[in-house]
Amino acid sequence: MKEYTDYDLSGANTFRMKVRCARYIQYDNAKELESIDWDSLPRPVRHIGGGSNLLFTGDFPGTLLHSGISYVKYVDMGFDDVPVMAGAGVRFDDFVENVCRNGLWGAENLSGIPGEVGAAAVQNIGAYGVEVKDIIKGVVCFDTRTRSMVKFQTCECDYGYRDSLFKHSDGRYIVTAVLFRVSRVHGPRLEYKGVRESLGLGPEDSGESLTPMQVREAVMSLRNSKLPDPEVLGSAGSYFKNPVVDAVTFARVIDIARREFGADVTVPHFILGGGMVKIPAAWLIDRCGLKGVREGGAAVYERQPLVIVNASGSATPSDVLALETRVIAGVRNRFGIELHPEVEHL
Ligand code: EPU
């Protein structure tokens, strides 16, 4: 275990905010968590993963913990369903590559997502029709209240769209490992037009000769064409959640869109259960003319306006927050819809 005081967080957040924290602890196994003198730590105490879905709103006055638990273990290869245990500190995409290389299905649509395994399970990351909860069998945590290990079945994790029990536990649970369930049974998920196009598949093609690795490569090239590479341009991926609205609100958005942009405009949307509709926030932001707008060093990314980028390389937390406020107000004023950040503010 390594402990630092007044730690520079520039390398610990993909937004590349130049901020510091009072204490930073990097641990390598779950046992080390039990040995921490919790009562003596500067507060608040929070856990971070790869820092790829975080906005530090300033220097962090408390303690940040980071997992270095980095094993990937195939528990049993004997059946169609293959359980794989991965430490919370494994780069999520290394896990995805590992299972794809072994010809196993389930994780390939989640290729190229930055961040680590623990944070993936907390946040229920998702892309191209798959959410990580679909391949999670269980989550192992350290309970900072009882100072003991606890296991959750997937059904106990309250998973929702970018949401879980762990997001609302006020730092109580620290994910130490995730038990995944991937499969030998051929099962590409090709509902997304973009994925099919990237694979060069026609509308009738079922993709029966595909391998998980081929789907992975197609997903990666699709992502790279739309999303900024955090190595090159600081960002935290999607900054806002896609709003989920009821049918009445959706009808109102259509009316507004027709009035503003002409009768033939179509509002992209995905029908969810219970009469609810998900509207891409990227479309709403785009239609407010907010693509490329800047506040200080922060900008709405031109190619995917759901993303806010550190355009100058020296954007400050207040630049990003000012831009967040401007985008939320713009969408509210035009469409009467409230956007909510997906990125966690610390
Ligand atoms: N759009 C525009 N203008 C643009 C770009 C996009 O109008 O300039 C509209 C289009 O209608 C497009 C729609 O936005 O069809 C949706 O865009 P896209 O399919 O690229 O994805 P998204 O809904 O914006 C979500 C996730 C991404 C994930 C993609 C792919 C959230 C908040 N984001 O984005 O996740 O990769 O779907 O499945 O749910 C992340 O969470 O960091 C992330 C990148």
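Residues numbered from 1 in each chain as written. Predicted model: local features only at pLDDT ≥ 70, side-chain atom pairs only at ≥ 80, totals over all residues. Heavy atoms only, no water.

*Asks:* For helix 6 (residues 247-261), give the residues involved together with the corresponding values.
*Replies:* For helix 6, with 15 residues, the first-to-last C-alpha span of 21 Å sits near the 21 Å given by 1.5 Å per residue. Residues Thr249, Phe250, Val253, Ile254, Ile256 and Ala257 constitute the buried set of helix 6. Viewed along the axis of helix 6, the buried residues span an arc of 165 degrees, placing them on a single side of the element. Residues of helix 6 that are exposed and point over 90 degrees away from its buried face: Val248 and Arg259. On its buried side, helix 6 packs onto strand 14 (244-246), strand 16 (276-278), helix 7 (281-287) and helix 8 (317-335). Taken from the residues just after helix 6, Gly262 is the one with a positive phi, measuring 105 degrees. (Helix = DSSP H or I, 4+ residues; strand = E, 2+ residues; numbered from the N terminus. Expected span 1.5 Å × (residues − 1). Buried < 20%, exposed > 50% of the residue type's maximum accessible area, 1.4 Å probe, protein only. Arc of directions from axis to C-beta. Contact = heavy atoms within 4.5 Å.)

*Asks:* How would you explain the sheet that holds strand 12 (residues 173-183) if you had to name every residue and give the values?
*Replies:* Within a sheet, each strand pairs with its neighbour through backbone hydrogen bonds, oriented either parallel or antiparallel. Pairing is antiparallel across the open sheet formed by 5 strands, whose spatial order is 6-7-12-10-11. On the outer flanks of this sheet lie strand 6 (72-74) and strand 11 (148-153), each paired with one strand and no other. Averaged over all pairs of adjacent strands, the angle between their axes in this sheet comes to 20 degrees, without regard to strand direction. The sheet contact formed by strand 10 (residues 136-143) and strand 12 spans 7 bridges and is antiparallel. Each bridged residue has a counterpart across the sheet, and for Gly138 the counterpart in strand 12 is Leu179. (Pairing = 2+ DSSP bridges. Axes fitted to C-alpha atoms, helices over the stretch in contact; angles between N-to-C directions.)

*Asks:* Requested: an account of the packing of aromatic side chains, with residues and values cited.
*Replies:* Geometry of an aromatic ring pair is reported as the spacing of the ring centres plus the angle between the planes. Considering all chains together, one arrives at 15 aromatic pairs under this definition. On the numbers, 5.7 Å between centres and 45 degrees between planes, the contact of Trp283 with Phe335 is tilted. With a gap of 52 residues between them, Trp283 in helix 7 and Phe335 in helix 8 connect regions that are remote in the sequence. Like Phe335, Trp283 is buried. A network of ring pairs unites the aromatic residues Tyr4, Tyr7 and Tyr24 as a single cluster. Directly above the ring of Phe261 sits Arg287, whose terminal nitrogen or CZ lies 4.7 Å from the centroid. (Phe/Tyr/Trp six-rings, centres within 6.5 Å; stacked < 30°, edge-to-face > 60°. Lys NZ or Arg CZ within 6 Å of the ring centre and 35° of its normal.)

*Asks:* Talk me through the sheet that holds strand 18 (residues 298-300); I want residue IDs and the actual numbers.
*Replies:* Reading across from one edge, 13-19-18-17 is the order of the 4 strands in this open sheet, with antiparallel pairing throughout. Bordering the open sheet on either side are strand 13 (234-238) and strand 17 (294-295), each of which pairs with just one other strand. As judged from the 3 bridges shared by strand 18 and strand 19 (residues 307-310), these two strands associate in the antiparallel manner. Across the sheet, residue Ala299 finds its bridge partner in strand 19, namely Val309.

*Asks:* I'd like a description of the site of the ligand, backed by residues and values.
*Replies:* Tyr128, Tyr161, Arg162, Asn242 and Asp286 are the nearest of the 23 residues found near the ligand. Interatomic distance of 2.9 Å between a backbone N/O atom of Ser238 and an oxygen atom of the ligand. Measuring from an oxygen atom of the ligand, one finds a side-chain N or O atom of Glu342 at 3.3 Å. Notes on the ligand: free accessible area 840 Å², of which the protein chains cover 80%. Looking at the shell around the ligand, the elements with two or more residues in it are strand 8 (126-127), helix 5 (212-226), strand 13 and helix 7. The dominant element in the shell around the ligand, judged by the number of residues it contributes, is helix 7, at 3 residues. Split into classes, the residues belonging to the shell around the ligand amount to 11 nonpolar, 5 polar and 7 charged. (Near = heavy atom within 4 Å. Polar contact = N/O pair within 3.5 Å; in protein donor to acceptor, adjacent residues only side chain to side chain. Areas by Shrake-Rupley, 256 points an atom, 1.4 Å probe, with all protein chains shown as cover. Nonpolar A, V, L, I, M, F, W, Y, C, P; charged D, E, K, R; others polar.)

*Asks:* Provide a residue-level description of the packing of helix 2 (residues 92-101) against helix 5, including the pertinent values.
*Replies:* Across the interface, helix 2 lies against helix 5 with an axial gap of 8 Å and an inter-helix angle of 145 degrees. The two elements helix 2 and helix 5 cross, and the hand of that crossing is left-handed. Counting all contacts with helix 2, which are made through Asp93, Val96, Glu97, Cys100 and Arg101, the residues of helix 5 involved are Pro212, Met213, Arg216 and Met220. The class makeup of the residues in the contact of helix 2 with helix 5 is 5 nonpolar, no polar and 4 charged. (Left-handed = near helix turned anticlockwise from the far one by under 90°.)

*Asks:* If you had to explain helix 2 to someone new, which residues and values would you point to?
*Replies:* Listed in full, the buried residues belonging to helix 2 are Phe92, Asp93, Phe95, Val96, Val99 and Cys100. Mapping the buried residues of helix 2 onto a view down its axis gives an arc of 155 degrees, with all of them on the same face. Those residues of helix 2 that are buried lie in contact with strand 6, strand 7 (81-87), helix 3 (117-123), strand 12 and helix 5. The first or second residue beyond helix 2 is Gly103, which carries a positive phi of 75 degrees.

These figures come from the coordinates and say nothing about function on their own.
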